[in-house]
Amino acid sequence: MLRWVVHLEGGPRRVNHAAVAVGHKVYSFGGYCSGEDYETLRQIDVHVFNAVSLRWMKLPPFRSDRKEHSPQVPYMRYGHTAVLVDDTIYIWGGRNDTEGACNVLYAFDVNTHSWSTPRVQGSIPGARDGHSACALGKCMFIFGGYEQLADCFSNDIHRLDAVAMMWTLINAKGNPARWRDFHSATVMGSRMYVFGGRADRLGPLHSNNEIYCNRIKVFDTETNHWLDSPSTQLLPEGRRSHSAFTYNSELYIFGGYNARLDRHFNDLWKFNPESSTWRKVEPKGKGPCARRRQCCCMVGDKVILFGGTSPCPEQGMGDEFNLMDHSDLYILDFSPSLKTLCKLAVIQYSLDQSALPHDIRWELTAMTTNSNISRPIFSSHG
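The model shown is predicted, which means the values in this text are computed figures rather than measured ones.

Calculation criteria
Residues numbered from 1 in each chain as written. Predicted model: local features only at pLDDT ≥ 70, side-chain atom pairs only at ≥ 80, totals over all residues. Heavy atoms only, no water. Pairing = 2+ DSSP bridges. Helix = DSSP H or I, 4+ residues; strand = E, 2+ residues; numbered from the N terminus. Axes fitted to C-alpha atoms, helices over the stretch in contact; angles between N-to-C directions. Phe/Tyr/Trp six-rings, centres within 6.5 Å; stacked < 30°, edge-to-face > 60°. Buried < 20%, exposed > 50% of the residue type's maximum accessible area, 1.4 Å probe, protein only. Core = buried A, V, L, I, M, F, W, Y, C linked by side-chain atoms within 4.5 Å. Contact = heavy atoms within 4.5 Å. Polar contact = N/O pair within 3.5 Å; in protein donor to acceptor, adjacent residues only side chain to side chain.

Comments concerning the sheet that holds strand β33 (residues 329-333)
Here comes step 1: If you trace the four strands from one edge of the open sheet to the other, you get β1-β33-β30-β29, paired in antiparallel fashion. On the outer flanks of this sheet lie β1 (3-8) and β29 (295-299), each paired with one strand and no other. Averaged over neighbouring strand pairs, the angle between their axes works out to 20° when direction is ignored.
Here comes step 2: Strand direction decides the pairing type here: strand β30 (residues 302-306) and β33, joined by five bridges, are antiparallel. Paired with leucine 305 across the bridge in β33 is tyrosine 330.

Details of the sheet that holds strand β11 (residues 121-122)
Here comes step 1: With mixed pairing, the five strands of this open sheet are ordered in space as β11-β18-β17-β14-β13. Of all strands in the sheet, those with a lone pairing partner are β11 and β13 (132-136), marking the two edges.
Here comes step 2: Relative to strand β14 (residues 139-143), β13 runs antiparallel, the two sharing five bridges. For serine 132, the partnering residue across the bridge sits in β14 and is phenylalanine 143.

Here's the deal with the packing of aromatic side chains
Here comes step 1: For the coordinates displayed, the defined rule picks out 20 aromatic pairs.
Here comes step 2: Residues tryptophan 92 and tryptophan 167 carry aromatic rings whose centres are separated by 5.8 Å and whose planes lie at 55° to one another, so their mutual orientation is tilted. Of this pair, tryptophan 92 sits in strand β7 (residues 88-96) while tryptophan 167 sits in strand β18 (residues 166-169), and the two are 75 residues apart along the sequence.
Here comes step 3: Looking at tryptophan 92, the relative accessible area reads 0%, which means it is buried.
Here comes step 4: By relative accessible area, tryptophan 167 is classed as buried at 2%.
Here comes step 5: Relative to phenylalanine 334, the ring of phenylalanine 245 lies with its centre 6.4 Å away and its plane at 80°, an arrangement referred to as edge-to-face. Taken together, the residues phenylalanine 245 in strand β25 (residues 243-247) and phenylalanine 334 in the loop between β33 and α1 (338-348) connect sequence positions 89 residues apart. For the pair phenylalanine 245 and phenylalanine 334, a shared accessibility class is recorded, and that class is buried.

Here's the deal with the nonpolar core
Here comes step 1: In terms of nonpolar packing, the biggest core is built from 24 residues, with Tyr27, Phe29, Ile89, Phe108 and Trp115 touching the most fellow members.
Here comes step 2: For this core, the secondary structure elements donating two or more residues are β2 (18-22), β3 (25-29), β4 (46-50), β6 (78-85), β7 and β9 (106-109).
Here comes step 3: Residue contacts for tyrosine 27: discarding those within four places in its chain leaves Ala18, Ala19, Val20, Val22, Val46, His47, Val48, Ile89, Phe108, Val110 and His113.
Here comes step 4: Core analysis: the second largest hydrophobic core is formed by 16 residues, Leu8, Phe49, Ala51 and Ile331 among them.

Remarks on the side chain of aspartate 45
Here comes step 1: For aspartate 45, the location among the structural elements is in the loop between β3 and β4.
Here comes step 2: Aspartate 45 sits in the buried class, given a relative accessible area of 7%.
Here comes step 3: Here arginine 14 takes part through its side chain, which lies 2.5 Å from a polar atom of the side chain of aspartate 45.
Here comes step 4: Once you skip the residues sitting within four places of it in the chain, aspartate 45 turns out to touch Arg14, Ser28, Phe29, Gly30, Lys58 and Met76.

This is the structure in structure tokens:
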């Protein structure tokens, strides 16, 4: 019984950020927020969400032995990626209004909360943003994005061996995916499933004649071949800046934006790789509004979705593009417990909560209702 079970307000307001789940915690790195300064080279911020206590914590700035603005710590950025390999989160790419795009590899130790810049070799990818990154075993795969130096979209695949710290440009065979940015690439088994993103009719060049492909492209990491999925009648609309995640060997996508349609989405679709078919999914409960550039992370049977940006419902209340950045968080539960369903029943039927234990009463306020959480969700203690 797929259901939106939790809605929280008051977390970090972030757009085009990057996040990784580590156990029951979600680490969120950087991102954009309207009105904030992205010209000063300040240290990237790190927010941690505890999926058990439902609380956010902002980590203190990392103090290096070298100097305050150490090159071993990434500067604030957006459009970057983050992947987890063992106990290390690797941050790569993204851009800042002053420095532009970046291709330095940064390593964040989840045990010590310390930063480093590993010494890498090989064919280092060009600086970019809007690319995808996914981890498979001890390797990270980078695909696509918009390369700053070449000033064009990419459809290259680079692999980082996180043991040897060696970058390799993969000589991919078959019919490659289009040049694109702000797509998703998700690993299932030994294959990488690429969906959506912004492409252009002129191929790698950006002419503002955009294409939003809605067909899956599959890359086999064992054979280094691009594979084509069979055509199906039912397909989601093409989009960029959506979220993608896997559950029970199926691929899900949520939200995103299509500029040709000028439309934001809040739909949920499921792709079955065995049958190569799509199906629209309708979860129970009240989910997020239509948005793009949010983050989604799997924690057990739950999807943690937070941030992003949407059209502002009131004229003049958003930024210059009439967009509104979000500080909310939603939890989508694939397998809600009996305890969770009981809490939802108490809310739905307005049952008396006074006899319930205090911890259960406060948790009820965080379930999917129109009210906000009744106690602060930021903590200095985690």
